[in-house]
Every structure is written in C-alpha cells, then in structure tokens.
Amino acid sequence: MTEIQRHATAAGFLHALHTSPATFKEWLALKKDDYASIGKLIQKTVGLSETPNTQDIHAMASHIDTDLKSETEAFTKAHPDAPRHVGEIALMQQS
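Residues take numbers from 1 onward in each chain, read along the sequence in its written order. Side-chain atom pairs in this predicted model are given and counted only at pLDDT of 80 or more, local residue features only at pLDDT of at least 70, and totals for whole chains, interfaces and linings cover all residues. Here the side-chain values reflect all heavy atoms present in the structure, with hydrogen atoms and water set aside.

1. Regarding the nonpolar core
Reasoning step 1: The definition of a nonpolar core used throughout is a set of buried Ala, Val, Leu, Ile, Met, Phe, Trp, Tyr and Cys residues joined through side-chain atoms within 4.5 Å. Burial classes follow relative accessibility: with a 1.4 Å probe on protein chains only, a residue under 20% of its type's maximum area counts as buried, one over 50% as exposed, and anything between as partly exposed. Phe13, Trp27, Ile42 and Phe75 are the most contacted members of the largest nonpolar core, which totals 15 residues.
Reasoning step 2: Elements that contribute at least two residues to this core include exactly helix H1 (3-19), helix H2 (21-29), helix H3 (35-46) and helix H4 (54-67).
Reasoning step 3: To qualify as a helix, a DSSP run of H or I must reach at least 4 residues; to qualify as a strand, a run of E must reach at least 2; elements of each kind are numbered from the N terminus. No other element matches H1, which puts 4 residues into this core.

Here's what the structure looks like:
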C-alpha cells in the first residue's frame, strides 16, 4: 500500500469501528497481535482488493496515534471498554 492508501484505510477503519457495533464487536474478539485476522477484517470492512500486511498495519496504527487524535478521543469516549495500546484501532500488540 502507498502511504496515502494506508492513511485513508486507517481513517476509514477507525470510523467503521466507531460507528458500526457489529464491526467493533468483531474487532474486539480478535487477538490484537494476529495481523492476518486484523488485515482481513480491515479488508472486508473498507472494501480493499488486497489484505493489508503487517507493515501496512503498523503504519496505519502509527498514523492513527500521530494524526487522528480527535477521532481517537471520540472513539475512546464512545468505547471505554476498548483495549488500550499502541494504535487505538488495536493493530499492534495486545495489552
């Protein structure tokens, strides 16, 4: 993925987690270090033609932590039960 594709995908997936209870529930059930499953969920959720790889997932998590602070705060406020760790969309390690 290109950098712009990673940024757009990260923003879209974070939005989906925030607004779709079904997506949030599915994401919550996944092991947060299972990059293959996380990538498949991202692919399905935002309609990608390919599954994001581990490098893509790390870059998306970094973008969320760095550039999407207001969206992350809204997500955290709406989902206080969400796991907290690097990459608010839990694309990195599990606590």
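2. Topic: the confidence of the model for the chain
Reasoning step 1: Per-residue confidence from the predictor is given as pLDDT, running between 0 and 100. Averaged over every residue, the pLDDT of the chain is 85; residues scoring 70 or more account for 86%.
Reasoning step 2: Across the chain, element-level confidence peaks in H3 with a mean pLDDT of 96 and bottoms out in helix H5 (residues 69-78) with 78.

3. Remarks on the layout of surface pockets
Over the atoms rolls a probe the size of a water molecule, and in doing so it shows where empty space is left.
Reasoning step 1: A volume near 150 Å³ is recorded for the largest pocket.
Reasoning step 2: As for the largest pocket, its lining consists of Met1, Gln5, Thr9, Leu48, Ser49, Glu50, Thr51, Pro52, Asn53 and Asp56.
Reasoning step 3: Each residue gets one label: Ala, Val, Leu, Ile, Met, Phe, Trp, Tyr, Cys and Pro are nonpolar, Asp, Glu, Lys and Arg are charged, and the others, such as Gly, are polar. The residue makeup of the lining of the largest pocket, split by class, is 3 nonpolar, 5 polar and 2 charged. Site definitions follow a grid-based scheme: protein atoms alone, a 1 Å grid, a 1.4 Å probe that fits but cannot get out for cavities, and for pockets an open set with protein on both sides within 12 Å along at least five of seven lines, plus lining residues having an atom within 4 Å of a point. Grid points are joined across faces, edges and corners, and a volume is the space filled by probe spheres set on the points.

4. Describing the packing of aromatic side chains
Reasoning step 1: Two aromatic rings from Phe, Tyr or Trp, using only the six-membered ring of Trp, form a pair when their centres are within 6.5 Å; if the ring planes differ by under 30 degrees the pair is stacked, by over 60 it is edge-to-face, and anything between is tilted. A full pass over the atoms with the stated rule returns 1 aromatic pair.
Reasoning step 2: Measuring from centroid to centroid gives 5.4 Å for Phe24 and Trp27, while their planes differ by 40 degrees, and the two rings are tilted. Within this pair, Phe24 and its partner Trp27 are both found in helix H2, separated by 3 residues, close to a single helical turn. The pair formed by Phe24 and Trp27 is uniform in burial state, with each residue classed as buried.

5. Description of H2
Reasoning step 1: Thr23, Phe24 and Trp27 are the residues of H2 that are buried. Buried residues of H2, viewed axially, fall in a sector of 100 degrees; they line one side. Facing away from the buried side of H2 by over 90 degrees, the exposed positions are Pro21, Ala22, Lys25 and Ala29. What the arc covers is the set of directions going from the helix axis to the C-beta atoms.

6. Considering the pattern of salt bridges
Reasoning step 1: Salt bridge, as used here, is a side-chain nitrogen of Lys or Arg placed within 4 Å of a carboxyl oxygen of Asp or Glu. Counting across every chain of the model gives 3 salt bridges.
Reasoning step 2: One salt bridge in this structure joins Glu26 and Lys44, with 2.9 Å as the shortest N-O distance. Here Lys44 lies in helix H3 and Glu26 lies in helix H2, a separation of 18 residues in the sequence.
Reasoning step 3: A salt bridge links Asp33 to Lys31, with the nearest nitrogen and oxygen atoms 4.0 Å apart.

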